[in-house]
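# Results of the structural survey
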Amino acid sequence: MNLNQVTLAVYNMSDAVAFYQKMGFELIVDTPHYARFHCTDGDATFSLSLSDKQQSNPTVIYFENEQLDKLVDELIAKGFEFAQLPTDMSFLWREAILFDPSGNKIKLYWAGENRVDPPWRVK
């Protein structure tokens, strides 16, 4: 199987669409209640679904980028605010954290070979 997409609930579609377009994702479906984006690398997509109420979402969406620090610097220059700047984590990933306008947590990261083959991988 291959993961097709992840859908995030948002309470203001126009703000959310603008946020993800500003991050550099390609908008491929745009309706008042649903939007879908193509990631800049590979074939992955993700979507937004309009929610009628603001809600807390514990789900975290991860976007991988080999040039993480450069990407974060570029996004800061565009006005994005980060809750965590790129940090080396104990699980051998480097990650930064920000939130979209609806409060969805986004982690930008680079893990290299440790993403699917960490030293503690089940053999």
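Residues numbered from 1 in each chain as written. Predicted model: local features only at pLDDT ≥ 70, side-chain atom pairs only at ≥ 80, totals over all residues. Heavy atoms only, no water.

### Thoughts on the pattern of salt bridges
As a reminder of what qualifies: When a carboxyl oxygen of Asp or Glu is within 4 Å of a side-chain nitrogen of Lys or Arg, the pair counts as a salt bridge.
All chains considered together, the criterion is met by 5 salt bridges. Several salt bridges share partner residues, and in doing so they unite Asp69, Asp88 and Arg94 into one network.

### Some words on the nonpolar core
Put simply, the test is: Residues grouped as a nonpolar core are buried Ala, Val, Leu, Ile, Met, Phe, Trp, Tyr and Cys residues, joined through side-chain atoms within 4.5 Å. Under the scheme applied here, a residue whose accessible area is under 20% of the maximum for its type counts as buried, over 50% as exposed, and between as partly exposed, the area being computed with a 1.4 Å probe on protein chains only. Only DSSP runs of H or I reaching four residues or more are called helices, and only runs of E reaching two or more are called strands; each is numbered from the N terminus. Whether two residues are in contact is decided by their heavy atoms, any of which lying within 4.5 Å being enough.
Counting 26 residues, the largest nonpolar core has Tyr20, Met23, Phe46, Leu48, Ile106 and Leu108 as its most contacted members. Broken down by secondary-structure element, the contributors of at least two residues to this core are strand E1 (5-10), helix H1 (13-23), strand E3 (34-38), strand E4 (45-50), strand E5 (60-64), helix H2 (68-77), strand E7 (94-99) and strand E8 (105-110). With 6 residues, H1 is the single largest residue contributor to this core. If we ignore the near neighbours within four places in the chain, the residues touching Ile106 are Phe19, Tyr20, Met23, Ile61, Phe63, Ala96, Ile97, Leu98 and Asp100.

### Quick look at the environment of Asp15
When you line up the elements, Asp15 lands in helix H1. In sequence terms Asp15 and Ser102 are 87 residues apart; their C-alpha atoms lie 8.5 Å from each other.

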